Structures are given as structure tokens and as C-alpha cells.
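The chain contents come next:
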Amino acid sequence: MKLEKEITVLVTCTYPELHQQLLKNKFQIKEEYIVNDIYMIAKDTSLEKFSTLEILQKCILVREIEDIKKVLLYKYKKYSETGDILEQGKVECPVVDIERAVLFMEAIGYQTLFKIYDKNIVYANEETELVVQLVNNQYVFIEMDGTAEYVDRTYETIEEMKKELVKYQLPYDASTYFAKKAEMMLQKVMEEKE
């Protein structure tokens, strides 16, 4: 399993407003892509017995990065008592057809829990790279990874990434650097079932 470092924050303004602030900080759009995730869980899982984070740890994703790849994906995350991510990684298994992958998962006893449509826009300036994520046409997130593609930069610690993001004074919820879009979507699903 490949371990990764990343931070994710929830943006507190609209995407057009964020885009303008990024341009003022000399960021340019480098790449755009769409990620479609189908979160699947074993049908016999009693959701009410587990916290949202425990439920997410039991999920297998059927992921399509449009025109790039299709995979079955398991995400591993170890959390602190406060919900911060201490360690994370993922394992992927390539598939050729998303619909057949879903049928396969259903055949072995899984069901769809929820879906995430995620438009990703990669921005970079001379020293920093970040990804703006437009999730389910409802939320805007900023994600930073430990390793960049468009700038020669690697972050050794989460604290380095936080410090880098803070310097741009972008509008985001600074109460957590581990915003969990999947948890937000799952909470909506759970509320609808009540």
C-alpha cells in the first residue's frame, strides 16, 4: 500500500471568488479532470453500529478518472482522537468497465452507499501546487499533496503544507486541515435515512 501525505480544507467562498484570489497570487490552471466515485459497502453492514469514519473504512470505491483510468480502490486512513489523519494510503486494482465493476461488487454482496462527482482543477505558481475540487456541485475544497507534479516541490510534513497554504490567505475553514468530503456526503445519506 502506498502511503501519502495530503491536506484538504473546505473553502468558504464561491469557486469564481477563489479563482480570482488564486490568479492574484500568480496561480495558473495547469490541468482539469473529473473523478467519479461510487462508494460501495457490504450489504450486511449495520450502518447504525458504526461512526461515519468507521463506515468509510469499510467502503470499496469504484473510481473513474474520466479519460485517464478506472479502478477498484480501497483507502486506508488512520485517525487521531480529534479526527486528524495520522496516516493514509490506498490500493488500486485496474478495471476496464465501471458498470461491470459495479455489477461485480454487487455480485459479491456489496451495494452503492453514495456517489461523489468531483471536478478537479490543478493550479500552480512558481512554488506551490494545489487542487481545487468542486464536489457534487455543492462544496469547494482545496487539496495539497506531499508531492507536486507541476512545481519542483516535496513536503516532508503536514505542517509544511499547512504553512504553505496559510501564506496565501485564501478563504477556507482553518479549523481542520483534514476536511472529509466523503464523510460529509455520508452524513447526508444517513440523515435522509432517518
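Keep in mind that what you see is a predicted model, and the values were worked out from it rather than measured.

How each quantity is defined
Residues numbered from 1 in each chain as written. Predicted model: local features only at pLDDT ≥ 70, side-chain atom pairs only at ≥ 80, totals over all residues. Heavy atoms only, no water. Helix = DSSP H or I, 4+ residues; strand = E, 2+ residues; numbered from the N terminus. Rg over C-alpha atoms; globule rule 2.2 N^0.38 Å. Buried < 20%, exposed > 50% of the residue type's maximum accessible area, 1.4 Å probe, protein only. Contact = heavy atoms within 4.5 Å. Areas by Shrake-Rupley, 256 points an atom, 1.4 Å probe, with all protein chains shown as cover. Lys, Arg positive; Asp, Glu negative; His and termini not counted. Charge placed at Lys NZ, Arg CZ, Asp CG, Glu CD. Pairing = 2+ DSSP bridges. Core = buried A, V, L, I, M, F, W, Y, C linked by side-chain atoms within 4.5 Å. Disulfide = S-S within 2.5 Å. pLDDT = per-residue confidence, 0-100. Salt bridge = Lys/Arg side-chain N within 4 Å of Asp/Glu carboxyl O.

## Let's talk about the overall build of the chain
Link 1 in the chain: Tallying secondary structure elements over the chain gives five helices and nine strands in all.
Link 2 in the chain: For the chain, the N- to C-terminal ordering of α and β elements is β-β-α-β-α-β-β-β-α-β-β-β-α-α.
Link 3 in the chain: Over its C-alpha trace the chain gives a radius of gyration of 17 Å, about what one expects of a compact globule, namely 16 Å for 194 residues.
Link 4 in the chain: Dimensions along the principal axes, computed over C-alpha positions, put the chain at roughly 50 × 35 × 30 Å.
Link 5 in the chain: For the chain, the proportion of its 194 residues judged to be buried stands at 47%.
Link 6 in the chain: Counting contacts in the chain only where the partners sit at least 6 residues apart, residues at least 24 apart contribute 65% of the total.
Link 7 in the chain: Of the accessible surface of the chain, which amounts to about 10900 Å², a share of 48% is contributed by carbon and sulfur atoms.
Link 8 in the chain: A distance of 1 Å separates the average location of the 26 positive side-chain charges in the chain from that of its 36 negative side-chain charges.

## With respect to the pairing of strand S6 (residues 85–94)
Link 1 in the chain: Where strand S5 (residues 69–79) lies against S6, nine bridges are found, and the strand directions are antiparallel. When the bridges of S6 are listed, Val-71 appears paired with Pro-94.
Link 2 in the chain: Counted between consecutive antiparallel strands, the loop separating S5 from S6 contains five residues, among which Gly-83 sits at a positive phi close to 95°.

## Quick look at the nonpolar core
Link 1 in the chain: Among the nonpolar cores identified, the biggest contains 23 residues, and Tyr-39, Ile-55, Leu-56, Leu-113, Phe-114, Ile-116 and Leu-186 are the most heavily contacted of them.
Link 2 in the chain: When residues of this core are traced back to their parent elements, those giving at least two are strand S3 (28–42), helix H2 (52–57), S5, strand S7 (110–124), strand S9 (139–145) and helix H5 (181–193).
Link 3 in the chain: Broken down by element, this core gets its largest block of residues, six residues, from H5.
Link 4 in the chain: For Ile-116, the contacting residues outside a window of four places in its chain are Val-35, Asn-36, Asp-37, Tyr-39, Val-135, Asn-136, Lys-181, Ala-182 and Met-185.
Link 5 in the chain: Judged by nonpolar contacts, the second largest core, of 22 residues, contains Cys-13, Val-140, Ile-142 and Tyr-155.

## Structural notes on the state of the cysteines
Link 1 in the chain: A complete count under the given rule lists zero disulfides for this structure.
Link 2 in the chain: Cys-59 supplies the cysteine sulfur nearest to Cys-93, a cysteine that is in no disulfide, at a spacing of 17 Å.
Link 3 in the chain: Accessibility expressed as a relative area gives 41% for Cys-93, which makes it partly exposed.

## Some points on the confidence of the model for the chain
Link 1 in the chain: For the chain, mean pLDDT is 93; residues scoring 70 or higher make up 97% of the total.
Link 2 in the chain: Highest mean pLDDT in the chain belongs to helix H1 (residues 15–24) (98); lowest belongs to strand S1 (residues 2–4) (71).

## With respect to the pattern of salt bridges
Link 1 in the chain: Under the definition given, this model contains nine salt bridges.
Link 2 in the chain: For Lys-90, the salt bridge goes to Glu-4, with nearest N and O atoms at 3.6 Å. Note that Lys-90 is positioned in strand S6 and Glu-4 in strand S1, a separation of 86 residues in sequence.
Link 3 in the chain: When its relative accessible area of 26% is taken as the criterion, Lys-90 is described as partly exposed.
Link 4 in the chain: Asp-37 is paired through a salt bridge with Arg-63; the nearest N and O atoms lie 2.7 Å apart. Of the two residues, Asp-37 is situated in strand S3 and Arg-63 in strand S4 (residues 60–65); the sequence distance between them amounts to 26 residues.
Link 5 in the chain: Given a relative accessible area of 5%, Asp-37 falls into the buried group.

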